Amino acid sequence: MNSPVTLQSFLTDGNGVSRRLLTKLKRTEGGITRNGVTIRTIDMVNDGDEIILRFSDDSFLEPNADLDVPVAFENESVAVFNKPSGMPVHPSIKHQGDTLGNKFAALYPELTFRAVNRLDRDTSGLCVTAKNAHAAKLLQGNCEKVYYAAVSGEIDESGTIDAPIARERESIILRCVREDGQNAVTHYKRLMKNDKYSLAEIHLETGRTHQIRVHFSHIGHSLAGDDMYGGSLDDISRQALHCGEISFNDPITNERITVKADIPDDIKQLFEK
């Protein structure tokens, strides 16, 4: 896009969004935003604008049963998926049929897709989805997660990174450590190491965008494969980050449930001789 165009033209002519879907998005509160602010379809958009489509219910999601996403745990209120790397959680302009939402729609055609925790497209691991609005409300903010990351170099046996995170001034996507940022605290311990990488178990005290990636880059140990934040692509083609454990209270029984997912092979192989 070399010159400004209307949002409608950008979506329907350039990115394959149907007029039917566009009409539904217009009727959804916050259905279309530009750089975090609601936008009309007649407004002009420019290069660099971040356009996000928010789907209010599963009628927008095309079922795709062919997607390979294991269900790690399920009961009448919750389904926990082990999302592979490379798969977005939610549909977007460029991803309308290959997301976790599309797999959910195939498994549960009568239910609305409600993801409780969100993972970056290239981050693998556990993602909790609620099967009803009540469960989603109870689970929101109440999931305790454990991440595993392969980071460059040798890190301390354990440590805490306490550094505020802010949006990079020249970027919509990038984040950075800056004094005027939001409070962000990451705890870690080293599980193993070799001459190139350390495997860290990570517990987040806060949940900022890209927090793990930004924090380890900040201390000079970028994640393997995370070229956005200084990581090397020599041995892995995506950020070596995996959500390997998640705990929550069952929305009905209040029983504490813990689900685990093995570290995937592309991260394991970084530590094989």
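Residues numbered from 1 in each chain as written. Predicted model: local features only at pLDDT ≥ 70, side-chain atom pairs only at ≥ 80, totals over all residues. Heavy atoms only, no water.

Draft legend 1. Main features of the sheet that holds strand β3 (residues 37-38). Strand order in the open sheet made by the three strands is β3-β2-β5, with antiparallel pairing throughout. Strands at the two margins of the open sheet, each flanked by one partner only, are β3 and β5 (51-53). The pairing of strand β2 (residues 32-34) with β5 spans three bridges and is classified as antiparallel. By the bridge assignment, Thr-33 is partnered in β5 with Ile-52. (Pairing = 2+ DSSP bridges. Helix = DSSP H or I, 4+ residues; strand = E, 2+ residues; numbered from the N terminus.)

Draft legend 2. Region of interest: the packing of aromatic side chains. If you walk through the whole model with that rule in mind, you get five aromatic pairs. Each ring, one from Phe-104 and one from Phe-113, has its centre 5.2 Å from the other, and the planes form 55 degrees; the classification is tilted. What makes Phe-113 buried here is its relative accessible area of 10%. (Phe/Tyr/Trp six-rings, centres within 6.5 Å; stacked < 30°, edge-to-face > 60°. Buried < 20%, exposed > 50% of the residue type's maximum accessible area, 1.4 Å probe, protein only.)

Draft legend 3. Just the pattern of salt bridges, in detail. Applying the stated rule across the entire model yields 14 salt bridges. The salt bridge partner of Glu-154 is Lys-193, with a shortest N-O separation of 3.0 Å. Of this pair, Glu-154 sits in the loop between β10 (144-152) and β11 (158-162) while Lys-193 is found in strand β14 (residues 185-193), placing the two residues 39 residues apart along the sequence. Using a relative accessible area of 42% as the deciding quantity, one classes Lys-193 as partly exposed. Note that Arg-190 is salt-bridged to Glu-157, the shortest N-O span being 4.0 Å. Of the two residues, Arg-190 sits in strand β14 while Glu-157 sits in the loop between β10 and β11, which places them 33 residues apart along the sequence. For Glu-157, a relative accessible area of 60% puts it in the exposed group. (Salt bridge = Lys/Arg side-chain N within 4 Å of Asp/Glu carboxyl O.)

Draft legend 4. Geometry of the pairing of β14. Summarising the sheet, β11 and β14 pair through five bridges and their orientation is antiparallel. Bridge assignment links Ile-161 to a residue of β14, and that residue is Thr-186. Looking at chain direction, β14 and strand β15 (residues 197-204) are connected through seven bridges and run antiparallel. The residue bridging His-187 from the neighbouring strand is His-203, located in β15.

Draft legend 5. Here's a closer look at the environment of Glu-62. Examined against the element boundaries, Glu-62 turns out to sit in the loop between β5 and β6 (71-74). We classify Glu-62 as exposed; its relative accessible area is 54%. Separated by 23 residues in the primary sequence, Glu-62 and Ser-85 place their C-alpha atoms 20 Å from one another.

Draft legend 6. Fine view of the environment of Asn-82. Tracing the sequence through the fold places Asn-82 in strand β7 (residues 78-83). Judged by relative accessible area, Asn-82 falls into the partly exposed class, the value being 22%. Asn-82 sits 15 residues away from Gly-97 along the chain, and the two C-alpha atoms are 18 Å apart. If we skip the residues at most four places from it in the chain, Asn-82 touches Val-69, Pro-70, Gly-125, Leu-126, His-242 and Ala-261. (Contact = heavy atoms within 4.5 Å.)

Draft legend 7. Representation of the side chain of Thr-123 in the model. Along the chain, the position of Thr-123 falls in the loop between β8 (114-115) and β9 (124-130). A relative accessible area of 2% places Thr-123 in the buried class. A polar side-chain atom of Thr-123 sits 3.2 Å from a polar atom in the side chain of Gln-239. Sequence-distant contacts of Thr-123, defined by excluding residues within four places in its chain, comprise Lys-83, Pro-84, Ser-85, Arg-238, Gln-239, Leu-241 and His-242. (Polar contact = N/O pair within 3.5 Å; in protein donor to acceptor, adjacent residues only side chain to side chain.)

Draft legend 8. Molecular detail of the nonpolar core. With 29 residues, the main nonpolar core has Val-80, Val-128, Ile-202, Phe-216 and Phe-248 as its most contacted residues. The leading source of residues in this core is strand β16 (residues 241-249), at four residues. Excluding its chain neighbours within four sequence positions, the residues that come into contact with Ile-202 are Lys-145, Val-146, Tyr-147, Ala-149, Thr-186, His-187, Tyr-188, Ile-212 and Phe-216. Counting 15 residues, the second-largest nonpolar core is a separate cluster that includes Leu-61, Val-89, Phe-113 and Ala-115. (Core = buried A, V, L, I, M, F, W, Y, C linked by side-chain atoms within 4.5 Å.)

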